[in-house]
Amino acid sequence: MSDAADLPIPHARRLWLYTLGGAVLLFLMAPSLIIIPMSFSDSAFLQFPPPAWSLRWYDAYFGSVEWREATLVSAKAAILTTLVATPLGAGAAYALHAGQFRFVRLLQVILAVPLILPVILIGIGAFFLYSWIGINNTITGLVLAHTVLAIPIVTITVLSGLASYDLNQELVARSLGANRLRAFLAITLPQIRFSVVSGALFAFITSFDESVVSFFISGGETATLTRRMFSALRDQIDPTIAAISTCLILLSMLLLALAHVFGRGRIV
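Rules behind the numbers
- Residues numbered from 1 in each chain as written.
- Predicted model: local features only at pLDDT ≥ 70, side-chain atom pairs only at ≥ 80, totals over all residues.
- Heavy atoms only, no water.
- Phe/Tyr/Trp six-rings, centres within 6.5 Å; stacked < 30°, edge-to-face > 60°.
- Buried < 20%, exposed > 50% of the residue type's maximum accessible area, 1.4 Å probe, protein only.
- Lys NZ or Arg CZ within 6 Å of the ring centre and 35° of its normal.
- Helix = DSSP H or I, 4+ residues; strand = E, 2+ residues; numbered from the N terminus.
- Expected span 1.5 Å × (residues − 1).
- Bend = angle between axes of the 7 residues up to and from the residue.
- Contact = heavy atoms within 4.5 Å.
- Polar contact = N/O pair within 3.5 Å; in protein donor to acceptor, adjacent residues only side chain to side chain.
- Arc of directions from axis to C-beta.
- Axes fitted to C-alpha atoms, helices over the stretch in contact; angles between N-to-C directions.
- Parallel < 35°, antiparallel > 145°, perpendicular 65-115°, else oblique.
- Left-handed = near helix turned anticlockwise from the far one by under 90°.
- Nonpolar A, V, L, I, M, F, W, Y, C, P; charged D, E, K, R; others polar.

### Focus on the packing of aromatic side chains
Then, number 1: Evaluation of the coordinates by the stated rule reveals four aromatic pairs.
Then, number 2: Aromatic side chains Tyr 61 and Phe 62 sit 4.7 Å apart centroid to centroid with 45 degrees between the ring planes, which places their arrangement in the tilted category.
Then, number 3: Among the residues examined, Tyr 61 registers a relative accessible area of 6% and is labelled buried.
Then, number 4: Relative to Phe 128, the ring of Phe 127 lies with its centre 5.4 Å away and its plane at 75 degrees, an arrangement referred to as edge-to-face.
Then, number 5: Sitting above the plane of the Phe 215 ring, Arg 227 keeps its charged end 4.5 Å from the centroid.

### Structural notes on helix α2 (residues 15-38)
Then, number 1: Counted at 1.5 Å a residue, the expected span for α2 with its 24 residues is 34 Å, and the 33 Å between its end C-alpha atoms agrees.
Then, number 2: Taken as a whole, α2 carries its principal kink of about 50 degrees at Met 29; the proline Pro 31 stands between one and four residues after it.

### Describing unusual backbone geometry
Then, number 1: In this structure, Asn 137 takes a positive phi of about 60 degrees despite not being glycine.
Then, number 2: When you line up the elements, Asn 137 lands in the loop between α7 (119-133) and α8 (139-162).

### Some thoughts on the side chain of Ser 218
Then, number 1: Here Ser 218 shows up in the loop between α11 (212-217) and α12 (225-235).
Then, number 2: The class for Ser 218 is buried, based on a relative accessible area of 3%.
Then, number 3: Apart from the residues within four sequence positions on either side, Ser 218 is in contact with Asn 137, Leu 142, Ala 223, Thr 224 and Arg 227.

### What to know about the side chain of Thr 226
Then, number 1: If you trace the backbone, Thr 226 turns up in helix α12.
Then, number 2: We classify Thr 226 as buried; its relative accessible area is 7%.
Then, number 3: A polar contact is formed between the side chain of Thr 226 and the backbone oxygen of Glu 210, at a distance of 2.7 Å.
Then, number 4: Of the polar contacts made by the side chain of Thr 226, one reaches the side chain of Thr 224; its length is 3.3 Å.

### A closer look at the environment of Leu 107
Then, number 1: Note on placement: Leu 107 falls in helix α5 (residues 104-111).
Then, number 2: The sequence separation of Leu 107 and Leu 96 amounts to eleven residues, and the corresponding C-alpha distance is 7.9 Å.

### Points about α7
Then, number 1: For α7, spanning 15 residues, the distance from its first C-alpha to its last is 21 Å, which sits close to the expected 21 Å at 1.5 Å a residue.
Then, number 2: Taken together, the buried positions of α7 are Ile 122, Gly 123, Ala 126 and Tyr 130. Burial along α7 is one-sided: seen end-on, the buried residues are contained in an arc of 100 degrees. Exposed side chains of α7 directed beyond 90 degrees from the buried face belong to Phe 128 and Trp 132.
Then, number 3: Just downstream of α7, Gly 134 is the residue with a positive phi angle, here 80 degrees.

### Topic: the packing of helix α4 (residues 65-98) against α8
Then, number 1: Running from amino to carboxyl end, α4 crosses α8 at an angle of 40 degrees, the nearest separation of the two axes being 6 Å. In terms of orientation, α4 lies oblique with respect to α8. When you trace α4 past α8, the crossing you get is right-handed.
Then, number 2: Here the contact of α4 with α8 is composed, by residue class, of 20 nonpolar, seven polar and one charged.

Set out below in structure tokens:
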């Protein structure tokens with residue numbers, strides 16, 4: 001009886017599960033699958049299926065000074081956010097993992113608050129705070145706000161790498177005379193570097209794709225790409241938006257693929 005229960009379930013009996021999973025994935029991917037061919041349309045309006053194929057909207061995107069400047073602002077904010085959020089998130093993860101103090105779980109919950117709160121509330125709060133201290137419509141304000149959103153993601157990613165790491169290795173190095181920082185950099189960091197790099201990639205994606213908070217705190221010369229996309233949609237539905245969206249989808253897929261590759265190569 002037990003031997004029969006241990007036999008694997010045939011694929012034919014799992015067909016319903018495969019079908020259901022495929023249907024759910026198709027439903028989730030449908031918006032992206034539709035927007036990509038629409039970006040190659042020759043029509044002046046968003047149409048699906050496209051009546052004719054053309055690269056005119058990609059030319060409009062890369063040939064526009066406003067779109068290029070907005071892209072550079074988003075890239076600059078994402079890079080700076082990554083440089084700030086990665087060490088802070090990795091340090092927080094290390095402290096939570098190695099710390100012997102009380103209320104560790106409470107601190108984990110506090111760090112996860114930006115992931116729990118509606119993003120629009122964070123955007124409104126950042127807008128009024130930045131108005132008070134005078135950093136609305138600045139790169140500094142963008143980086144600070146995006147860092148708040150990215151730190152929890154970096155922390156969770158690095159914590160997953162530390163979960164399979166034996167902290168006794170670092171303790172041995174410290175017992176041989178290395179200080180805590182040197183022991184971390186020489187022993188711990190090389191073994192969790194793939195989690196750290198994955199967290200950095202997630203931080204970059206979080207900042208580059210963020211739109212709600214940027215809508216409140218960016219504008220003018222510091223308007224992000226997503227901010228300008230929303231403004232363009234308000235005025236008219238320009239197929240250039242489809243071309244930009246396709247580029248963002250490809251960028252996100254590339255970075256997620258890199259994070260997956262680094263994650264698979266994790267040393268334990």
